[in-house]
Number of protein chains: 4
Amino acid sequence: MSGRERVRTVLDSRLVQRAVILVIVVNAITIGCETSAYLMERAGDLLHTIDRVALAIFVLELGARLYAYRAAFFKDPWNWFDAIIVAVALIPASGPTSVLRALRILRALRLVSAVPSMRRVVGALLTAVPGMASIIGLLVLMIYIAAVIATKLFGDIVPERFDELPRSLFTLFQIMTGDDWGNVAQEVMEHKPWAWIFFIVYILMSTFVALNLFIAVVVNAMNEDGEAVRQSRAEPSPELESVKRELAAVNAKLDQLLMRERPEELRSPADR
Amino acid sequence: MSGRERVRTVLDSRLVQRAVILVIVVNAITIGCETSAYLMERAGDLLHTIDRVALAIFVLELGARLYAYRAAFFKDPWNWFDAIIVAVALIPASGPTSVLRALRILRALRLVSAVPSMRRVVGALLTAVPGMASIIGLLVLMIYIAAVIATKLFGDIVPERFDELPRSLFTLFQIMTGDDWGNVAQEVMEHKPWAWIFFIVYILMSTFVALNLFIAVVVNAMNEDGEAVRQSRAEPSPELESVKRELAAVNAKLDQLLMRERPEELRSPADR
Amino acid sequence: MSGRERVRTVLDSRLVQRAVILVIVVNAITIGCETSAYLMERAGDLLHTIDRVALAIFVLELGARLYAYRAAFFKDPWNWFDAIIVAVALIPASGPTSVLRALRILRALRLVSAVPSMRRVVGALLTAVPGMASIIGLLVLMIYIAAVIATKLFGDIVPERFDELPRSLFTLFQIMTGDDWGNVAQEVMEHKPWAWIFFIVYILMSTFVALNLFIAVVVNAMNEDGEAVRQSRAEPSPELESVKRELAAVNAKLDQLLMRERPEELRSPADR
Amino acid sequence: MSGRERVRTVLDSRLVQRAVILVIVVNAITIGCETSAYLMERAGDLLHTIDRVALAIFVLELGARLYAYRAAFFKDPWNWFDAIIVAVALIPASGPTSVLRALRILRALRLVSAVPSMRRVVGALLTAVPGMASIIGLLVLMIYIAAVIATKLFGDIVPERFDELPRSLFTLFQIMTGDDWGNVAQEVMEHKPWAWIFFIVYILMSTFVALNLFIAVVVNAMNEDGEAVRQSRAEPSPELESVKRELAAVNAKLDQLLMRERPEELRSPADR
């Protein structure tokens, strides 16, 4: 067994995998604790130390995996996922940018790649996305068109909601989720009483498309089942197979009977 | 190859179709940019020029399609869709009405007819509508009845929500979407404490009907699957076909055996 | 043809049924118009006249149906539905009670019994209810328990929401629909910071049960499909039937062959 | 029949089970009445007496069941459920803690264990939970990560919503339910205009995962159906069975024919 194979065995052992999961969970908790001023005052150094140790373990584990699998390492998208998360975690150490520091918690996402059942769930979620591309495209197109119309028609009346295209997009996304749309509509309707047409058409259409997006996902999920039923139909049933075998035996015996009596006629029953 | 056939080949070529999609996308973006005062100040002329060029391309493409397909042009509803959108886009050029100018962005909907996968999605959405007609009718009837009752009972108490039938319809649509209904109900209940009966019955019934509307769509979508399974049952399975062929051969050989020995008896085994 | 049969033929004729639907729709519109002070001032007499004529037509039609079908009239629940609606419509004429006057619009519900497709939809909705009884019972039990707890714990703190059991029930129904629950919870949490446990547990549980209520309806709707597939499996397939017929013929011919040669052995092949 | 068997027969009799259900319902109503100051003033003693009698009946019934079933009593999880509820109900009698007194209403949950159809529903709900564990875990992970990020980025700007991790968790749970998220986002966006990215990504992702949680439940519920169809496929159809029997008869008769003529060849048709 070469050194690389030994490293692979160690990495794939249950103990190491559980240890990595434990480090991820502990690190996620310590990063959460760092948001508390009270805890930072009392145990700030400890939290930072744990954080640095956890990061070191991640780098080590990733390096070991890279050494053990070499080219194969880059074939598994989950390895890319882990590598990017660890890489992002290494950046904030070099700069004081608050956003990047806040994103350190994304390391907790490594839990997804470390726990097999979560990996499967996320995989299933992602495979559902391509089938929904057209409906998502339609939804985005609808929101864009509605936002352009709303900006032109209502931009002067309710500038705090529709003054520019980005703000209109945000407002219309909010309306699509059904949050507080009554108030937005009423603000506009004070000046343009016919504006209810716009809002109701928009809500009905976006809800209908979103509903169908939902249905697309459900139907896709169901199709696996339907597929399974159809496949079970396509493959020969064992019952019918035994019928066929028996029938072949019957046929063979009849051939015997026929051949035994007038073998010369067997091949040409038509010319009798 | 006639001139019309050559035009058809050009129109259906991948390059031309992609170019049209590109023009639609670029035009949608420029119309979006026109909503920005900042961009209009700096690049207003450019945006208007692109807009006019895009419109010219749409008119040209539509004319070419009309020339190439003649009567067949009007058989495809998507051609009607495109023709109406381009026609609407030509109107605002002749008048300064703000609403019509805002509707120019509807041109972006041409993306739906230009991208085949979007065409299919919209087609699927539209075929789902007729099956829901009865439930939608029931929902509209319920909202109308509730609005008449609410106008009569609560019109004097909360006039800003229920003074006239149209406003009641709007308020009840808002309540059906679940937006802010608690506040509306509480305003009314300050004067008529028993009003909760109306609101809760209305919410339960409209939600239940809307839920069934939803289920109707899902079940319709599923039925294609169920249909497929049932059809696969109805069509003769290849397995069973081979059993039948073999059985026919067995039968024919038995006839041979019987006929060979006492051919006169074969047709009348009963009178033996 | 007796007089009763002639009345039946007239009542069931397409023309009469469409006329009744028209009267229902016109009456629904005029009752809606009566809510408008502007229209009542100008055309109040006309609206009242139409209303009275429509009611007379309903009474006449119902009387004719009762005469034509006699005992059979009371077997169809939709006739009961119509009779009750018309009876309710006759009451307000005798008294000035505003609530009963407002309920006159319920006459528009006759549209449901007059249009066959709506009848089917409502029938389907009602058949779905018994299957959901247990889950609805569970949901009601949960809301009741939560309301008693909320009244005892939060009644003194936020009396405008939880002072008495009925008000708590209303508030908790509102929270279950997800309307404005964040504010309600925050009001309570100002005094009892641990109250988030109550609200989050309540929202998770009620949403989960409501979700399963929804699933029960979907699964019931699907079961018809599943049922159909299972039935199509249970009934003999025509394919297999022809195989069986052919096999019976083969068997009969073999009997002929066996009997012809050594008929005495046919019945007892075992003792050879 | 021993004493224990007689007790069992009595406990399982319909009359006793209905009586227990009645006591549960009456007790739930009286505990509800105790929340009303008006009723407590007038009939407080009566309510307390009913409560104590009901509790005594519960203890008695549970004791009888324990006596009748002994060890088997602890095998049914519903008995544990009843025992814990009654035990909790006995605690508040010994102390004046308001929370425990409020939890007395949990006794009404005994209705679930006493009514068989509710028992089945709750059983079905609980069996659905394990299949959703991974998706729930993913959802919790997402909310946790988002809460840490929000606390770090928005904690100083909108302290009343994001100052500490627990409050951020509550706010993000509220946003996930779609309640009032527009206002929360706008408060933050006044200081950090790019915050819409955070909120929209969070809403899209959490809604998508919650949607898939929902789908997992539906698909699980459906699978029973699919399972049933597949099983009905696997078990031998009675049709095919009769075909096989007939074919076996045909085969046996052919063997007779063959054996009768040249019995020595029957076992070795290959060497002819």
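Residues numbered from 1 in each chain as written. Chains lettered and ligands numbered in written order. Predicted model: local features only at pLDDT ≥ 70, side-chain atom pairs only at ≥ 80, totals over all residues. Heavy atoms only, no water.

Trainee: Describe the overall build of chain A, with residues and values.
Mentor: Within chain A, the secondary structure is distributed over 13 helices and zero strands. Secondary structure elements in chain A, listed N-terminal to C-terminal, are α-α-α-α-α-α-α-α-α-α-α-α-α. Buried positions account for 45% of the 272 residues belonging to chain A. Across chain A, every contact between residues at least 6 apart in sequence was considered, and the portion connecting residues at least 24 apart equals 61%. Surface exposure of chain A reaches about 13,700 Å², of which carbon and sulfur atoms provide 66%. (Helix = DSSP H or I, 4+ residues; strand = E, 2+ residues; numbered from the N terminus. Buried < 20%, exposed > 50% of the residue type's maximum accessible area, 1.4 Å probe, protein only. Contact = heavy atoms within 4.5 Å. Areas by Shrake-Rupley, 256 points an atom, 1.4 Å probe, with all protein chains shown as cover.)

Trainee: I'd like a description of the pattern of salt bridges, backed by residues and values.
Mentor: Taken as a whole, this structure holds 44 salt bridges over all chains when the rule is applied. Arg 161 of chain A serves as the salt-bridge partner of Glu 187 of chain A, at 3.8 Å between the closest nitrogen and oxygen. With a gap of 26 residues between them, Glu 187 of chain A in helix α11 (residues 181-189) and Arg 161 of chain A in helix α9 (residues 159-162) connect regions that are remote in the sequence. Classification of Glu 187 of chain A by relative accessible area gives partly exposed; the value is 25%. For Arg 161 of chain A, a relative accessible area of 9% gives the class buried. For Asp 76 of chain C, the salt bridge is made with Arg 119 of chain C, and the minimal N-O distance between the two is 3.2 Å. Taken together, the positions of Asp 76 of chain C in the loop between α3 (37-69) and α4 (77-90) and Arg 119 of chain C in helix α7 (residues 116-131) put the pair 43 residues apart, joining distant regions of the chain. Look at Asp 76 of chain C and you get partly exposed, because its relative accessible area is 24%. (Salt bridge = Lys/Arg side-chain N within 4 Å of Asp/Glu carboxyl O.)

Trainee: Any chance you could break down the packing of helix α8 (residues 133-154) of chain B against α7 of chain C for me, citing the residues and the numbers?
Mentor: The N-to-C vectors of α8 of chain B and α7 of chain C enclose an angle of 85°; their axes lie 9 Å apart at closest approach. Taken together, α8 of chain B and α7 of chain C sit at an angle that is classed as roughly perpendicular. Side by side, α8 of chain B and α7 of chain C meet where Ser 134, Ile 135, Gly 137 and Leu 138 of chain B of the first sit next to Ser 117, Met 118, Val 121, Val 122 and Leu 125 of chain C of the second. Along the lines of polarity and charge, the residues of the contact of α8 of chain B with α7 of chain C split into six nonpolar, three polar and no charged. (Axes fitted to C-alpha atoms, helices over the stretch in contact; angles between N-to-C directions. Parallel < 35°, antiparallel > 145°, perpendicular 65-115°, else oblique. Nonpolar A, V, L, I, M, F, W, Y, C, P; charged D, E, K, R; others polar.)

Trainee: Would you mind going over the packing of helix α3 (residues 37-69) of chain D against helix α4 (residues 77-90) of chain D in detail, with residue names and values included?
Mentor: All names here are of chain D. At their nearest, the axes of α3 and α4 sit 11 Å apart, and the two run at 145° to each other. In terms of crossing hand, the pair formed by α3 and α4 is left-handed. Of α4, the residues touching α3 (which contributes Leu 55, Phe 58, Val 59, Leu 62 and Arg 65) are Asn 79, Asp 82, Ala 83, Val 86, Ala 89 and Leu 90. Of the residues contributing to the contact of α3 with α4, the split by class is eight nonpolar, one polar and two charged. (Left-handed = near helix turned anticlockwise from the far one by under 90°.)

Trainee: Explain the nonpolar core residue by residue, including any values.
Mentor: Counting residues in each nonpolar core, the largest one holds 250 residues, and the members touching the most others are Phe 199 of chain A, Phe 199 of chain B, Phe 199 of chain C together with Phe 199 of chain D. With residues up to four places along the chain from it excluded, the contact list for Phe 199 of chain D reads Phe 154, Phe 162, Ile 175, Trp 181, Val 184, Ala 185 and Val 188 of chain D. (Core = buried A, V, L, I, M, F, W, Y, C linked by side-chain atoms within 4.5 Å.)

Trainee: Which residues make up the environment of Thr 30 of chain C, and what are the values?
Mentor: Residue and element names in this part refer to chain C. In this structure, Thr 30 sits in helix α2 (residues 14-33). Thr 30 sits in the buried class, given a relative accessible area of 5%. Sequence separation between Thr 30 and Val 7 is 23 residues; the distance between their C-alpha atoms is 29 Å. When neighbours within four sequence positions are excluded, Thr 30 is seen to be in contact with Leu 47 and Ile 50.

Trainee: So, the environment of Thr 151 of chain D: which residues are in play, and what are the values?
Mentor: When you line up the elements, Thr 151 of chain D lands in helix α8 (residues 133-154). When its relative accessible area of 6% is taken as the criterion, Thr 151 of chain D is described as buried. Spatially, the C-alpha atom of Thr 151 of chain D lies 6.1 Å from that of Leu 165 of chain D, the residues being 14 residues apart in sequence. Beyond its immediate stretch of four places on either side in the chain, Thr 151 of chain D contacts Thr 35 of chain A together with Phe 162, Asp 163, Glu 164, Leu 165 and Ser 168 of chain D.

Trainee: Please provide a residue-by-residue account of unusual backbone geometry, values included.
Mentor: Of note, the phi angle at Asp 180 of chain C is positive, near 60°, even though the residue is not glycine. Assignment of secondary structure puts Asp 180 of chain C in the loop between α10 (165-176) and α11 (181-189). A residue is classified by how much of its surface remains accessible, and Asp 180 of chain C, at 12% relative accessible area, is buried. Residue Arg 70 of chain D is not a glycine yet carries a positive backbone phi of 45°. Note on placement: Arg 70 of chain D falls in the loop between α3 and α4.

Trainee: Give a detailed account of the packing of aromatic side chains, specifying residues and quantitative values.
Mentor: Considering all chains together, one arrives at 44 aromatic pairs over all chains under this definition. Residues Trp 181 of chain A and Phe 173 of chain B carry aromatic rings whose centres are separated by 5.8 Å and whose planes lie at 70° to one another, so their mutual orientation is edge-to-face. Placement of Trp 181 of chain A in helix α11 and of Phe 173 of chain B in helix α10 (residues 165-176) is noted, with the two residues assigned to different chains. Phe 173 of chain B matches Trp 181 of chain A in its accessibility class, with the two residues each being buried. Their ring planes at 65° and their centres at 5.7 Å tell us that Phe 154 of chain C and Phe 162 of chain C sit as a pair that is edge-to-face. Given a relative accessible area of 0%, Phe 162 of chain C falls into the buried group. By way of ring pairs, the aromatic residues Phe 154, Phe 162, Trp 194, Phe 198, Phe 199 and Tyr 202 of chain A are connected into one cluster. A cation sits over an aromatic face here: Arg 110 of chain B above Phe 58 of chain B, 5.0 Å from the ring centre. (Phe/Tyr/Trp six-rings, centres within 6.5 Å; stacked < 30°, edge-to-face > 60°. Lys NZ or Arg CZ within 6 Å of the ring centre and 35° of its normal.)

Trainee: Just give me the short version of a nonpolar patch on the surface, but keep the residues and values in it.
Mentor: Taken together, the side chains of Val 99 of chain A together with Trp 194, Trp 196, Ile 197, Val 201 and Met 205 of chain D present a nonpolar region at the surface, about 520 Å² in accessible area. For the nonpolar patch, the element with the most residues is helix α12 (residues 195-234) of chain D, which contributes four residues. Here Trp 196 of chain D is to be found in helix α12. (Patch = residues over 30% accessible without salt bridge, like charges linked within 9 Å, V, L, I, M, F, W, Y side chains within 5 Å.)

Trainee: Give me the lowdown on the side chain of Glu 61 of chain A, citing residues and values where you can.
Mentor: Counting through the fold element by element, Glu 61 of chain A comes out in helix α3 (residues 37-69). In this structure, Glu 61 of chain A is in contact with Leu 11, Val 20 and Arg 110 of chain A, ignoring residues within four places of it in sequence.

Trainee: Could you give an account of α4 of chain C, with specific residues and numbers?
Mentor: Residues and elements named next belong to chain C. Between its first and last C-alpha atoms α4 spans 20 Å; for 14 residues at 1.5 Å apiece the expected length is 20 Å, and the two agree. The set of residues buried in α4 consists of Trp 78, Asn 79, Asp 82, Ile 85, Val 86 and Ala 89. The buried residues of α4 occupy one face: seen down the axis, they fall within an arc of 130°. Exposed residues lying more than 90 degrees from the buried face of α4 are Pro 77 and Ile 84. At its buried positions, α4 is contacted by α3, α6 (110-114) and α7. The N-cap residue of α4 is Asp 76: its side-chain oxygen and the backbone nitrogen of Trp 78 are 2.9 Å apart. (Expected span 1.5 Å × (residues − 1). Arc of directions from axis to C-beta. Polar contact = N/O pair within 3.5 Å; in protein donor to acceptor, adjacent residues only side chain to side chain.)

Trainee: Quick rundown of helix α2 (residues 14-33) of chain A? Include the residues and the values.
Mentor: The end-to-end C-alpha distance of α2 of chain A, which contains 20 residues, comes to 29 Å, matching closely the 28 Å that a straight helix rising 1.5 Å per residue would cover. Within α2 of chain A the residues assigned to the buried category are Val 20, Val 23, Ile 24, Asn 27, Ala 28, Thr 30, Ile 31 and Gly 32 of chain A. Here the buried face of α2 of chain A lies against α3 and α6 (110-114) of chain A together with α8 and α10 (165-176) of chain D.

Trainee: Describe in detail the environment of Ile 50 of chain A, supporting the description with residues and values.
Mentor: Residue and element names in this part refer to chain A. When you line up the elements, Ile 50 lands in helix α3. Between the alpha carbons of Ile 50 and Val 26 there is a distance of 8.4 Å; along the sequence they are 24 residues apart. The residues touching Ile 50, leaving out its near neighbours within four places in the chain, are Val 26 and Thr 30.

Trainee: Describe the confidence of the model for chain A, with residues and values.
Mentor: Residue and element names in this part refer to chain A. Here chain A averages 82 in pLDDT, and 84% of its residues register 70 or above. Counting interchain partners and residues more than four positions distant, the pLDDT-below-50 stretch residues 263-272 has 11 contacts. Confidence metrics for the complex model read pTM 0.81 and ipTM 0.79. (pLDDT = per-residue confidence, 0-100.)

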